[in-house]
Amino acid sequence: AQSVSQHNHHVILSEAASLELGCNYSYGGTVNLFWYVQYPGQHLQLLLKYFSGDPLVKGIKGFEAEFIKSKFSFNLRKPSVQWSDTAEYFCASSGSYQLTFGKGTKLSVIP
Amino acid sequence: DTAVSQTPKYLVTQMGNDKSIKCEQNLGHDTMYWYKQDSKKFLKIMFSYNNKELIINETVPNRFSPKSPDKAHLNLHINSLELGDSAVYFCASSQEGSSYNEQFFGPGTRLTVL
């Protein structure tokens, strides 16, 4: 069975700091990976996704993620965070008819 | 236009009651899902439906019964509510069920069982 782990439970950054959120997946076969964001009180929105090809994936709002197969990792990055990036971030892998989520990382950005 | 909608947004009820949550998508998708988000924000699949047929039932108690009257709707009925059912329930949909399809999520229903 697939599993996804996110190492950071809560990350606190000042505005303009750089962000990297860790994500590791367990499945050894073909894997499709996603990062979703949940702003306070809102539904999940897709930030970016990786299926194949260029391992550096660019998403919305200046986010990017790098797929490193040898490390089973798909870390999310942003060079300079803003207060509006305060949210819960979820890494997920997809299988047939389901997404398997990590436990999420809460990001708090201090103005 | 809302792509995936859920009603109600909030639901507060007593233990032992029966309640339903409705979900509708206007994206023309074939596959719909229910996820449960617990108090620690952990999201877990409950059910997947494809063209009104149940595909996945992820060890959910049989007090939970999804119903799909057509492929645009997937409702969740819960019997004999328990305290542990308190959570946020998210409906989602995708073009079809393959792992290459993005899932679109509804706004969630916060269920509180007293």
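Preceding this paragraph is the structure being described.
Asker: Lay out the pairing of strand 12 (residues 105-110) of chain A with the relevant residues and their values.
Answerer: All names here are of chain A. Sheet topology places strand 2 (residues 10-14) next to strand 12; five bridges connect them, and they run parallel. For Ile 12, the partnering residue across the bridge sits in strand 12 and is Ser 108. Note that strand 10 (residues 87-95) and strand 12 share three bridges and pair antiparallel. Note that in strand 12 the partner of Ala 87 across the bridge is Leu 107.

Asker: Run through the pairing of strand 2 (residues 10-13) of chain B, naming residues and quoting values.
Answerer: Residue and element names in this part refer to chain B. Here strand 2 shows one buried face, formed by Leu 11 and Thr 13, and one open face, formed by Tyr 10 and Val 12. Pairing geometry for strand 2 and strand 11 (residues 109-113), over four bridges, is parallel. By the bridge assignment for strand 11, Val 12 is matched with Thr 112.

Asker: Residues and numbers for the sheet that holds strand 7 (residues 64-67) of chain B, please.
Answerer: Residue and element names in this part refer to chain B. In spatial order, the strands read 1-3-8-7; together these four strands make up an open sheet with antiparallel pairing. Strand pairing shows two members of the sheet lacking a second neighbour, strand 1 (4-7) and strand 7, which therefore form its edges. Across the sheet, the mean angle separating the axes of adjacent strands is 15 degrees when strand polarity is ignored. The pairing of strand 3 (residues 19-25) with strand 8 (residues 75-78) spans three bridges and is classified as antiparallel.

Asker: Mind laying out the interface of chain A and chain B, listing which residues take part and the relevant values?
Answerer: With 22 residues of chain A in contact, the opposing surface of chain B contributes 26 residues. When the two sides are added together, the surface that chain A and chain B hide from each other amounts to roughly 2,000 Å², 60% of it contributed by carbon and sulfur. By the criterion of area lost to chain B, the three top residues of chain A are Tyr97(A), Gln98(A) and Phe101(A), representing 32% of everything that side buries. Where chain A packs against chain B, one counts zero salt bridges. Linking chain A with chain B are four residue pairs in polar contact (both at pLDDT 80 or more). For the side of chain A that touches chain B, a count of residues per class yields nine nonpolar, ten polar and three charged.

Definitions and limits used
- Residues numbered from 1 in each chain as written.
- Chains lettered and ligands numbered in written order.
- Predicted model: local features only at pLDDT ≥ 70, side-chain atom pairs only at ≥ 80, totals over all residues.
- Heavy atoms only, no water.
- Pairing = 2+ DSSP bridges.
- Helix = DSSP H or I, 4+ residues; strand = E, 2+ residues; numbered from the N terminus.
- Buried < 20%, exposed > 50% of the residue type's maximum accessible area, 1.4 Å probe, protein only.
- Axes fitted to C-alpha atoms, helices over the stretch in contact; angles between N-to-C directions.
- Contact = heavy atoms within 4.5 Å.
- Buried area = accessible area lost by both parts, 1.4 Å probe.
- Salt bridge = Lys/Arg side-chain N within 4 Å of Asp/Glu carboxyl O.
- Polar contact = N/O pair within 3.5 Å; in protein donor to acceptor, adjacent residues only side chain to side chain.
- Nonpolar A, V, L, I, M, F, W, Y, C, P; charged D, E, K, R; others polar.

That's the geometry; what it means functionally is another story.
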